[in-house]
Amino acid sequence: MTKNVATHSRYGARNVWCPRYSQCLDKCLVNDEPGFTCQGCQYEHDLSGGPKDAGELAEDARGCMALLISIFRRVKIQDALNRVAL
């Protein structure tokens, strides 16, 4: 499992495995902000929200694939999850 989980956007680096990442993303969406960065946050390097083992990593990957299928094939997320095998 890699320790380099930061993703980069034009707004800066994001730590997608931060346990508070979802809260920050929700805040960004609620405030209709175009993006955010984790740079300078006290939790910038906190990876404790990441998968604990290969099974959790596989489940995260399954969710990501289902989201992409749902978006690009325009199907309901549950139908997309049913299409993605573990």
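As a reminder, the structure under discussion sits directly above these lines.
Here's what I pulled together on the structure shown here. (Residues numbered from 1 in each chain as written. Predicted model: local features only at pLDDT ≥ 70, side-chain atom pairs only at ≥ 80, totals over all residues. Heavy atoms only, no water.)

The subject of this paragraph is the overall build of the chain. Along its length, the chain carries 3 helices and 2 strands. Its helices and strands in sequence order give the chain the pattern β-β-α-α-α, from N to C terminus. Here the chain holds 86 residues, and 26% of them are scored as buried. When contacts within the chain are restricted to residue pairs at least 6 apart in sequence, long-range pairs at least 24 apart make up 45% of them. Summed over all atoms, the accessible surface of the chain reaches about 6,500 Å², with 55% contributed by carbon and sulfur. (Helix = DSSP H or I, 4+ residues; strand = E, 2+ residues; numbered from the N terminus. Buried < 20%, exposed > 50% of the residue type's maximum accessible area, 1.4 Å probe, protein only. Contact = heavy atoms within 4.5 Å. Areas by Shrake-Rupley, 256 points an atom, 1.4 Å probe, with all protein chains shown as cover.)

Between side chains of opposite charge, a pair can form as their charged atoms come close. Scanning all chains against the criterion turns up 2 salt bridges. Put simply, Asp46 and Arg20 hold a salt bridge, and the shortest N to O gap is 3.8 Å. With a gap of 26 residues between them, Asp46 in the loop between helix 1 (21-30) and helix 2 (54-72) and Arg20 in the loop between strand 2 (12-15) and helix 1 connect regions that are remote in the sequence. Here Asp46 falls in the partly exposed class, since its relative accessible area comes to 22%. (Salt bridge = Lys/Arg side-chain N within 4 Å of Asp/Glu carboxyl O.)

Right, let's get into unusual backbone geometry. Phi at Asp32 takes a positive value of approximately 55°, unusual for a residue other than glycine. For Arg74, which is not a glycine, the phi torsion comes out positive at approximately 55°. Note that Arg74 resides in the loop between helix 2 and helix 3 (77-83).

Before going further, it helps to examine the side chain of Arg14. Following the sequence through the fold, Arg14 ends up in strand 2. Comment: no salt bridge for buried Arg14; closest opposite-charge side chain is Glu33, at 9.0 Å. Engagement of the side chain of Arg14 in a polar contact is seen with the backbone oxygen of Phe36, the distance being 3.0 Å. (Lys, Arg positive; Asp, Glu negative; His and termini not counted. Polar contact = N/O pair within 3.5 Å; in protein donor to acceptor, adjacent residues only side chain to side chain.)

Moving on to the layout of surface pockets. Taken as a whole, the largest pocket holds about 280 Å³ of empty space. Every residue lining the largest pocket is listed: Val16, Trp17, Cys18, Pro19, Tyr21, Ser22, Leu25, Asp26, Gly49, Asp60, Ala61 and Cys64. For the lining of the largest pocket, the secondary-structure elements that each account for two or more residues are helix 1 and helix 2. Broken down by element, the lining of the largest pocket gets its largest block of residues, 4 residues, from helix 1. (1 Å grid on protein atoms, 1.4 Å probe; cavity = no way out; pocket = protein on both sides within 12 Å on 5 of 7 lines; lining within 4 Å. Points joined across faces, edges and corners; volume = space filled by probe spheres on them.)

By themselves, these figures tell us nothing about what the structure is for.
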